[in-house]
Amino acid sequence: MNAHEPSLNGSPGLPKSNEGDPVFDEPWQAEAFAMTVRLHEKGVFSWSEWAEALSHELYKPGRRADASDYFDCWVAALSRLVTELSITSQDNLDRLTQSWQRAAEATPHGKPILLENDPER
């Protein structure tokens, strides 16, 4: 591992296989993971900054005892980090979230959810 590669050990609680690879239950979890790694590779934040942001979310009161909300915490940490670093605003994230929700509601069952499906776009 080189100095620019993130250490999975620096992601507290990350679900891993017996081989040490990340495990994802849903495609969006893998996408959030990949987005985080890519932003780190681009130098947007250090892996220690990421681990600190993730830990902040993971140790908030109200977490699910079974840790099934791990990737919800992951997305919350990434959202907070990109707003704190002024990459985007919370308003932009909120608008995009609402757009995805409308797109999901407008998408027929079994079809991929695309932002283009948002009737307000």
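Reading the values: the criteria
- Residues numbered from 1 in each chain as written.
- Predicted model: local features only at pLDDT ≥ 70, side-chain atom pairs only at ≥ 80, totals over all residues.
- Heavy atoms only, no water.
- Domains from an automatic or database assignment.
- Patch = residues over 30% accessible without salt bridge, like charges linked within 9 Å, V, L, I, M, F, W, Y side chains within 5 Å.
- Areas by Shrake-Rupley, 256 points an atom, 1.4 Å probe, with all protein chains shown as cover.
- Salt bridge = Lys/Arg side-chain N within 4 Å of Asp/Glu carboxyl O.
- Helix = DSSP H or I, 4+ residues; strand = E, 2+ residues; numbered from the N terminus.
- Expected span 1.5 Å × (residues − 1).
- Buried < 20%, exposed > 50% of the residue type's maximum accessible area, 1.4 Å probe, protein only.
- Arc of directions from axis to C-beta.
- Contact = heavy atoms within 4.5 Å.
- Core = buried A, V, L, I, M, F, W, Y, C linked by side-chain atoms within 4.5 Å.
- Polar contact = N/O pair within 3.5 Å; in protein donor to acceptor, adjacent residues only side chain to side chain.

An unreviewed UniProt entry annotates the chain as Nitrile hydratase accessory protein originating from Rhizobium herbae.

A. Layout of the domain arrangement of the chain. Taken domain by domain, the chain holds domain 1 (11-87) and domain 2 (90-121). With centres defined by C-alpha atoms, the gap from domain 1 to domain 2 works out at 22 Å.

B. Structural view of a nonpolar patch on the surface. Taken together, Leu96, Trp100 and Ile113 make up a surface patch of nonpolar side chains, about 260 Å² in accessible area. Residue position: isoleucine 113 is located in the segment after helix 4 (90-106).

C. Quick peek at helix 3 (residues 70-84). Taking 1.5 Å of rise per residue, the 15 residues of helix 3 would be expected to cover 21 Å, and the 21 Å separating its terminal C-alpha atoms lies within 8% of that figure. Here helix 3 has its buried residues at Tyr70, Phe71, Cys73, Trp74, Ala77, Leu78, Leu81 and Val82. Seen end-on, helix 3 carries its buried residues on one side only, within an arc spanning 160°. Considering only its buried residues, helix 3 is in contact with helix 1 (27-41), helix 2 (47-58) and helix 4.

D. Here's a closer look at the nonpolar core. Residues Leu14, Trp50, Leu54, Tyr70 and Trp74 are the most contacted members of the largest nonpolar core, which totals 19 residues. The set of elements that each furnish at least two residues to this core consists of helix 1, helix 2 and helix 3. Considering each element in turn, this core owes the most residues, 8 residues, to helix 3.

E. Broad picture of the pattern of salt bridges. Across all of its chains, the model carries 7 salt bridges by this definition. Residue glutamate 57 is joined to arginine 80 by a salt bridge in which the shortest nitrogen-to-oxygen separation is 3.5 Å. You can see glutamate 57 sitting in helix 2 and its partner arginine 80 sitting in helix 3, a full 23 residues away along the chain. Taking the relative accessible area as the measure of exposure, glutamate 57 reaches 8% and is therefore buried.

F. Here's a closer look at the environment of arginine 63. Position of arginine 63 among the secondary structure elements: in the loop between helix 2 and helix 3. Since its relative accessible area comes to 23%, arginine 63 is described here as partly exposed. Ignoring sequence-local partners within four residues, the contact set of arginine 63 consists of Glu57, Leu58, Asp69, Tyr70 and Cys73. A distance of 3.0 Å separates a polar side-chain atom of arginine 63 from the backbone oxygen of leucine 58. Side-chain polar atoms of arginine 63 contact the side chain of aspartate 69, separated by 2.7 Å.

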